[in-house]
Amino acid sequence: MKNIYLDYAATTPLTEDVKKRIISLIDVFGNPSSLHSEGEQALEIITNGRKSVAKFINSESKDIIFTGGGCAGNTLAIKGYMDKHYCTLLYSPTAHKSILKCAENCNQKYALDVDEFGFINLIDLENWLKVLQDTAFVVIEYANSEIGTIQNVTDIVKLVHKYNGVIFVDCTGSVSTIPIDVKKSDIDILSFSAHKIGGLKGCGVLYKKSNISLSPLIYGTQENGLFGGTENVLGIASLGKAVENCYYSSVSSSGRDYVYNYIINNIPDCYLVGAPVESGQRLPHNIYMCFKGVEGESLMLMLDMKGIQVSTGSACSSGSLDASPTLTAIGMDENDMHSCIRMSFCGNESKDDLLYVCGALKQYVEQLRRFSSV
């Protein structure tokens, strides 16, 4: 039986270079805050990792804060900014659950309108910005890793800055396929997680412009006093090596397109959720399909028994029987919300692998529909 992993949006395997880097440092045990040679060795690893990440996003090293992951970065950005400034939070209702939970705990907030594809309504956003001006704090995801929609980030950033607002962009779902240049994009604050790009879990990045102040999320002296605690030295090293070896020129949508075209042409009563494939505003490795009349979790489990790993949506929402906040926000038919699976590709799948996936999908969708009609 084949083993085909199609859940790269949830997490990615360590690259071989990252593994070698981790193994080479496994005996570096010093505390990077210590002044002796063991501590200096650990600190040097962090310093080099910070330089690599800064180069990766075209920022200054001093503007890079290492966190415990994507959720930690999102919380530091939102809670840290809201606690420090008088402002109103304008946020995307399709954002990551960590962002939505932060929003729940803010007194002054508004969920922006989105269309059926998950795109933020720029007219709605501008109407709010006109009223709030420099007291607006806008929070969006660069791309939604569940339904694959890529926001009009350039237009949104320009619009926010037109009214002197501040914008935070969660890049965890997009960092593996969309390059980040903070100077070119003029994003004020952004975050991403190491494990979405071939690094270790438990390590993330928060970038912020030097002139933006935040309150600490975890008190301490490390990471400019914003995210205290002894740093995850191996996690930072893994991230530094991962971004050094990230080549966006190798990103391909060919596997995704092959499976999508097969589904549309060979499996009836199904449809794509999120931005159209041909729009150019969908993550190149993502398809999120609704198979009407099929329980998505059942299909996922049957595919897993066939050696194919997919998901029913965001890994952070797995295990919940509640409808996905993203699907609710885009106005999806409630009867279809639990009939979906997400496939996210690395781009290096073989033709045999893709044929195997297509055959299994057709077989199990038909089988589940027969069961449900009995």
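Residues numbered from 1 in each chain as written. Predicted model: local features only at pLDDT ≥ 70, side-chain atom pairs only at ≥ 80, totals over all residues. Heavy atoms only, no water.

Undergrad: Please clarify how the state of the cysteines should be interpreted in this entry.
TA: Formally, a disulfide is one covalent bond, and it connects the sulfur atom of one cysteine to the sulfur atom of another. Within this structure, the stated rule accounts for 0 disulfides. Unpaired in terms of disulfides, cysteine 171 finds its nearest cysteine sulfur in cysteine 246, a separation of 13 Å. Summary of cysteine pairing: cysteine 358 is not part of a disulfide, and the nearest cysteine sulfur, belonging to cysteine 270, is at 12 Å. (Disulfide = S-S within 2.5 Å.)

Undergrad: Help me out: how do you make sense of the packing of helix α2 (residues 37–57) against helix α8 (residues 233–244) in this one?
TA: In a packed pair of helices, the relevant descriptors are the angle between the two axes and the axis-to-axis distance. The interhelical angle for the contact between α2 and α8, taken along N-to-C directions, is 35°, at an axis separation of 8 Å. Crossing of α2 over α8 shows left-handed handedness. Residue-level contacts link Ala42, Ile45, Ile46, Gly49, Ser52, Val53 and Phe56 of α2 to Val233, Ile236, Ala237, Leu239, Gly240, Val243 and Glu244 of α8. Taken together, the residues that form the contact of α2 with α8 break down as 10 nonpolar, 3 polar and 1 charged. (Axes fitted to C-alpha atoms, helices over the stretch in contact; angles between N-to-C directions. Helix = DSSP H or I, 4+ residues; strand = E, 2+ residues; numbered from the N terminus. Left-handed = near helix turned anticlockwise from the far one by under 90°. Contact = heavy atoms within 4.5 Å. Nonpolar A, V, L, I, M, F, W, Y, C, P; charged D, E, K, R; others polar.)

Undergrad: What exactly am I supposed to notice about the sheet that holds strand β10 (residues 286–291) here?
TA: The strands making up a sheet associate through hydrogen bonds between their backbones, and the pairing can be parallel or antiparallel. Strand order in the open sheet formed by 3 strands is β9-β10-β12, with antiparallel pairing between adjacent strands. Each edge of the open sheet is held by one strand with a lone partner, namely β9 (270–272) and β12 (340–344). On average, each strand axis in the sheet is inclined to that of its neighbour by 25°, with strand direction left out of account. Inspection of the sheet shows β9 paired to β10 by 3 bridges, in the antiparallel sense. In the sheet register, tyrosine 271 faces β10, and the bridge partner there is cysteine 290. Relative to β10, helix α9 (residues 254–266) is tilted by about 15°, and along the sheet it contacts β9, β10 and β12. Lying on the sheet, helix α10 (residues 296–305) is in contact with β10 and β12; it crosses β12 at an angle near 45°. (Pairing = 2+ DSSP bridges.)

Undergrad: Can you help me understand the packing of helix α3 (residues 70–84) against helix α4 (residues 97–104) in this one?
TA: Where α3 contacts α4, the axes come no closer than 9 Å and their chain directions differ by 30°. Taken together, the axis directions place α3 and α4 in an arrangement best described as roughly parallel. You can see that α3 and α4 cross each other, and the crossing is right-handed. Contacts from Cys71, Asn74, Thr75 and Ile78 in α3 reach Ser98, Ile99 and Cys102 in α4. The residue makeup of the contact of α3 with α4, split by class, is 4 nonpolar, 3 polar and no charged. (Parallel < 35°, antiparallel > 145°, perpendicular 65-115°, else oblique.)

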